Amino acid sequence: MTEHERVGVVLLNTGTTSAPKPAETREYLREFLSDPRVLDIPAWKRWLILNLFILPKRSISSAEAYAAIWTDDGSPLLVITRQLKAGLEERLPNATVEIGMRYGEPSIPAALDRVIDAEVDRIIAAPLFPQYSSAANGSVLEAVYKNLAERWNVPPLSVLPPFYADPGFLDAWTKVAGSALADFGPDHVLLSYHGLPERHVQKSDPTGQHCLSKEDCCAQPVSANRNCYRAQCVWTSQWLAERLGLAADGYTTSFQSRLGSDPWIQPETDQVVPGLAKKGVKRLAVICPAFTADCLETIEEIGMRGKEDFIAAGGEDFL
């Protein structure tokens, strides 16, 4: 940014239900799971699965989970993203900063309207996902591109790339996690990332022959896995482990939030957590480096259900 340049920054995330109730949660889930980048199956099949199997039960259970984490100011994801917005506005006085959620409110079209109305010189689209996936980064950027393409005056646009390897991101996580781990003294550290169906990872491989073809496919960066979500998560874990001084056998990488019966990337967090307790781990710390704001997946899925599973399997303390 130059001294006199006016920039519009749009913070992009998946979104949240507007209220922790079945009706509102049902509408949010309907929009989310109707996205062909999320549920990448034929439209007719997606409609049937969504309306006959997912929404009737998931709307109720998800609403209950949201109710368990809801704050006086609303959904933690939106509350924390608003705090990020305020912090950026303070650091970037020449910028107009807005929030655009892919599903629900505040919406991406509304955010783009506001930055364009502010007569910015250019727009920075900032997906708040450290590691790339078509279901997250690809979906929010598609929404941005489509909206701007429909305008007569199309503003200059730049995009924040995946930042899993950015020293600032890694240093920030090291600062947050380092002091917490030092105080807690865990026997083991679990780095849990949002999961994806295996086919999503395989579709990111232009060769169609590398990703998930062998056990160590994520070990080294190669051209075939440059857009592989699982590989970027594995590398994030390795770099954070180095910064935190974790031994190779002192941490595990896993993937959470599975939906449906299709194969998802392994290992799965809800299996790893009780498994570690059964192996003798008494004090487990969990870090979630795929999330830039606490949300349902971190507070409820890990902090509540994960803790219950760990204690039930013989663990003693959980952070």
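Going by the structure above, here's the rest.
Calculation rules
- Residues numbered from 1 in each chain as written.
- Predicted model: local features only at pLDDT ≥ 70, side-chain atom pairs only at ≥ 80, totals over all residues.
- Heavy atoms only, no water.
- Patch = residues over 30% accessible without salt bridge, like charges linked within 9 Å, V, L, I, M, F, W, Y side chains within 5 Å.
- Areas by Shrake-Rupley, 256 points an atom, 1.4 Å probe, with all protein chains shown as cover.
- Salt bridge = Lys/Arg side-chain N within 4 Å of Asp/Glu carboxyl O.
- Helix = DSSP H or I, 4+ residues; strand = E, 2+ residues; numbered from the N terminus.
- Buried < 20%, exposed > 50% of the residue type's maximum accessible area, 1.4 Å probe, protein only.
- Core = buried A, V, L, I, M, F, W, Y, C linked by side-chain atoms within 4.5 Å.
- Contact = heavy atoms within 4.5 Å.
- Polar contact = N/O pair within 3.5 Å; in protein donor to acceptor, adjacent residues only side chain to side chain.
- Phe/Tyr/Trp six-rings, centres within 6.5 Å; stacked < 30°, edge-to-face > 60°.
- 1 Å grid on protein atoms, 1.4 Å probe; cavity = no way out; pocket = protein on both sides within 12 Å on 5 of 7 lines; lining within 4 Å.
- Points joined across faces, edges and corners; volume = space filled by probe spheres on them.
- Nonpolar A, V, L, I, M, F, W, Y, C, P; charged D, E, K, R; others polar.
- Pairing = 2+ DSSP bridges.

Enquirer: For this particular structure, what's the right way to read a nonpolar patch on the surface?
Expert: A cluster of nonpolar side chains, namely Trp-44, Trp-47, Leu-48, Leu-52 and Phe-53, defines an oily patch on the protein surface of about 630 Å² accessible area. Relative to the helices and strands, Leu-52 is located in helix α2 (residues 43-69).

Enquirer: Would you take a moment to explain the pattern of salt bridges for this structure?
Expert: A side chain with one charge may pair with a side chain of the opposite charge, provided their charged atoms come close. Scanning all chains against the criterion turns up 15 salt bridges. Among the ionic pairs, Arg-30 bridges to Glu-27, the shortest N-O distance being 3.8 Å. Placement of the pair is Arg-30 and Glu-27 together in helix α1 (residues 22-33), with a separation of three residues, close to one helical turn. Assessed through its relative accessible area of 26%, Arg-30 is described here as partly exposed.

Enquirer: Is there a simple way to think about the nonpolar core in this case?
Expert: The tendency in soluble globular proteins is for nonpolar side chains to be buried side by side. Core analysis: the largest hydrophobic core is formed by 63 residues, its most contacted members being Tyr-229 and Leu-284. When residues in this core are grouped by element, the largest group, eight residues, is from helix α8 (residues 229-244). Leaving out residues up to four positions away in the same chain, Leu-284 has contacts with Phe-184, His-188, Val-189, Leu-190, Val-273, Leu-276, Phe-310, Asp-317, Phe-318 and Leu-319. Judged by nonpolar contacts, the second largest core, of 15 residues, contains Val-10, Leu-12, Leu-112 and Ala-125.

Enquirer: Is there a simple way to explain the side chain of Ser-133 in this structure?
Expert: Here Ser-133 is to be found in the loop between β3 (122-127) and α5 (134-149). The exposure class assigned to Ser-133 is buried, which follows from its relative accessible area of 7%. At a separation of 3.1 Å, a polar atom in the side chain of Ser-133 contacts the main-chain amide nitrogen of Ala-136. Not counting chain neighbours up to four residues away, the residues in contact with Ser-133 comprise Gly-138, Leu-196 and Tyr-229.

Enquirer: Honestly, the packing of aromatic side chains in this entry has me stumped. Any pointers?
Expert: Each aromatic ring pair is characterised by the separation of its centres together with the angle its planes make. Enumeration according to the criterion identifies nine aromatic pairs in this entry. A ring pair is formed by Tyr-28 and Tyr-103, whose centres lie 6.5 Å apart and whose planes are at 70 degrees; its orientation type is edge-to-face. Here Tyr-28, found in helix α1, pairs with Tyr-103, found in strand β2 (residues 95-103); they are 75 residues apart in sequence, far enough to count as distant. Residue Tyr-28 shares its accessibility class with Tyr-103, and that shared class is buried.

Enquirer: Help me understand the layout of surface pockets in this model?
Expert: One way to see where empty space is left: roll a probe the size of a water molecule over the atoms. Here the second largest pocket defines a volume of roughly 1100 Å³. Every residue lining the second largest pocket is counted, 34 residues in all, and those nearest its centre are Phe-169, Trp-173, Phe-291, Thr-292 and Ala-293. Within the residue set of the lining of the second largest pocket, elements represented by two or more residues are β1 (7-15), α3 (76-91), β3, α6 (167-184), β7 (283-287) and α10 (296-312). Top element by residues in the lining of the second largest pocket is α6. It accounts for eight residues. Here the lining of the second largest pocket is composed, by residue class, of 27 nonpolar, five polar and two charged.

Enquirer: What exactly am I supposed to notice about the sheet that holds strand β5 (residues 188-194) here?
Expert: Sheets are built from strands that pair by backbone hydrogen bonding, the pairs being arranged parallel or antiparallel. Here we have four strands laid out as an open sheet, ordered β6-β5-β7-β8, and parallel in their pairing. Whereas interior strands pair on both sides, the edge strands pair on one side only; in this sheet they are β6 (251-256) and β8 (317-318). Where β5 meets β6, six bridges bridge the pair, whose relative direction is parallel. Across the sheet, the residue bridging to Leu-191 is Thr-253, located in β6.

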